[in-house]
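So you can see what is in the structure, the chains are spelled out below.
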Amino acid sequence: MENHRTKTLYDYHVWANQQVIEHLEQMPEKIYKETLKSVFPSIHDVLVHLYIVDIIWLGTMKGKSSQETMKEVERRKPELSGAAIEELEVFYEELSKEFYDFFSEQKDLERVIVAEHPKYGRCEFVLADLIQHVVNHGTYHRGNVSAMLHQQGERGVPTDYVFFLLE
């Protein structure tokens, strides 16, 4: 894949996830696993959700059926359930490599992907739009993490796109 703006957005997604993970690694583990009254029971649960949904969208981009993709999710779930932040960091790094390997095989990010959705049936997506969705979804949930940190009296870490551009 050529140096496309969509790839830059994915680079931002990887960078922002890494910023959050590195920030959490500096805190006591209880902050990461603390049960809260929030959108998710814990920050750990937010990060596992984000990881799993990234797997689902990568499977969709690769043309896998929802059944194949869910089998992959179920295969990976056990190692995630009690994962420390350092372990989750490795899982995130490996998954981003899977995305980059997929991207390296793509000649046209504007091509249409047809997917069968269990609820919506046959769907057509432009590949670049799905990548944008992965990034937006990540941004949304990194905001959840920031709010959950504030709820515990901790600071979040800036992950706005402009900070990525300034690096």
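For the structure, see preceding data.
Everything numeric here is computed off the predicted structure, so don't read it as measured data.

Another point: the nonpolar core. Ranked by size, the top nonpolar core spans 42 residues in total, and within it L24, I43, L47, Y51, M61 and L88 carry the most contacts. Only α1 (5-25), α2 (29-33), α3 (43-61), α4 (66-81), α5 (85-104) and α6 (127-151) provide two or more residues apiece to this core. The residues touching I43, leaving out its near neighbours within four places in the chain, are L24, I31, Y32, V145, M148, L149 and Q152. Core analysis: the next-biggest nonpolar cluster, separate from the first, contains six residues, L9, Y12, W15 and V135 among them.

Relative to strand β2 (residues 121-126), strand β1 (residues 112-117) runs antiparallel, the two being bridged by six bridges. Note that in β2 the partner of H117 across the bridge is G121. Between β1 and the antiparallel strand that follows it, β2, lie three residues.

Conventions and cut-offs
The numbers attached to residues start from 1 for each chain and follow its sequence in the written order. Local features in a predicted model are, by the rule used here, given only for residues with pLDDT of at least 70; side-chain atom pairs are given and counted only at 80 or more, and totals for whole chains, interfaces and linings are based on all residues. Hydrogens and water molecules were not included; the side-chain quantities draw on all heavy atoms of the structure. What we call a nonpolar core is a set of buried Ala, Val, Leu, Ile, Met, Phe, Trp, Tyr and Cys residues that are connected through their side-chain atoms within 4.5 Å. Exposure is judged per residue with a 1.4 Å probe applied to protein chains only, and the accessible area is read against the type maximum: over 50% gives exposed, under 20% gives buried, and values in between give partly exposed. Every helix listed is a DSSP run of H or I at least four residues long, and every strand listed is a run of E at least two residues long, numbered separately from the N terminus. Residue contacts follow a heavy-atom distance rule, with two residues in contact if any of their heavy atoms lie within 4.5 Å. Pairing between strands is defined by DSSP: at least two bridges between them are needed.

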